[in-house]
Amino acid sequence: MMFEAVVEEPLVILVKLADRLHNMRTVYALAPAKQQAVAEETLAVWCSMAGSLGWHGLKSEMEDLCFAVTDTATFCSLRQQLDKTWSSPPPPRRRRVRSSPRQQQLAAFAQQQQELAAARAWAWEENVAQGLRDLRRLANCVRLPLLRKRPAAAVSGVAAAD
């Protein structure tokens, strides 16, 4: 009956696999004998079907959940070892990084931009410290286009035509 539904509507298999994954994620709510039966059926039917369809992530998660039910002691032992391995910091990597000419150009450009920003900040601090009140002179000094002299229409308060 299920195969007829799959032929008529291929998305049925996706719904069935998603339902089985949900069932395996919540299998702990069942009695132990029922958990074992559901896990064995999942391994025999649904994991192989997910693998043959190329849904390896789904297959892998269902296999892990089945393993937790069918061989609890081994699963807990492996899980403990993995948690210990994952919680320890990785060893330091000492690898020489080789960069391409384009990466070197980008790094040089970034360095120039940092130096220009530092120069602008220095110019601003120096001119403010000296009591410079003419912002147009500062704008010409550090080439900030937003601070340049505005058109006469904007200064006199006449609104430009929209």
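Residues numbered from 1 in each chain as written. Predicted model: local features only at pLDDT ≥ 70, side-chain atom pairs only at ≥ 80, totals over all residues. Heavy atoms only, no water.

Visitor: Which residues make up helix H4 (residues 56-70), and what are the values?
Guide: Taking 1.5 Å of rise per residue, the 15 residues of H4 would be expected to cover 21 Å, and the 20 Å separating its terminal C-alpha atoms lies within 8% of that figure. Turning to H4, its buried residues are Leu58, Met62, Cys66 and Val69. Seen end-on, H4 carries its buried residues on one side only, within an arc spanning 65°. For H4, the exposed residues set more than 90 degrees away from the buried face come down to His56 and Gly57. The inward-facing, buried residues of H4 abut helix H2 (11-25), helix H3 (32-52) and helix H5 (72-87). (Helix = DSSP H or I, 4+ residues; strand = E, 2+ residues; numbered from the N terminus. Expected span 1.5 Å × (residues − 1). Buried < 20%, exposed > 50% of the residue type's maximum accessible area, 1.4 Å probe, protein only. Arc of directions from axis to C-beta. Contact = heavy atoms within 4.5 Å.)

Visitor: A description of the packing of aromatic side chains should follow, citing residues and the corresponding values.
Guide: Considering all chains together, one arrives at 1 aromatic pair under this definition. Their ring planes at 80° and their centres at 5.7 Å tell us that Phe67 and Phe75 sit as a pair that is edge-to-face. Judged by relative accessible area, which is 26%, Phe75 ranks as partly exposed. (Phe/Tyr/Trp six-rings, centres within 6.5 Å; stacked < 30°, edge-to-face > 60°.)

Remember, this is a structural readout, not a statement about activity or role.
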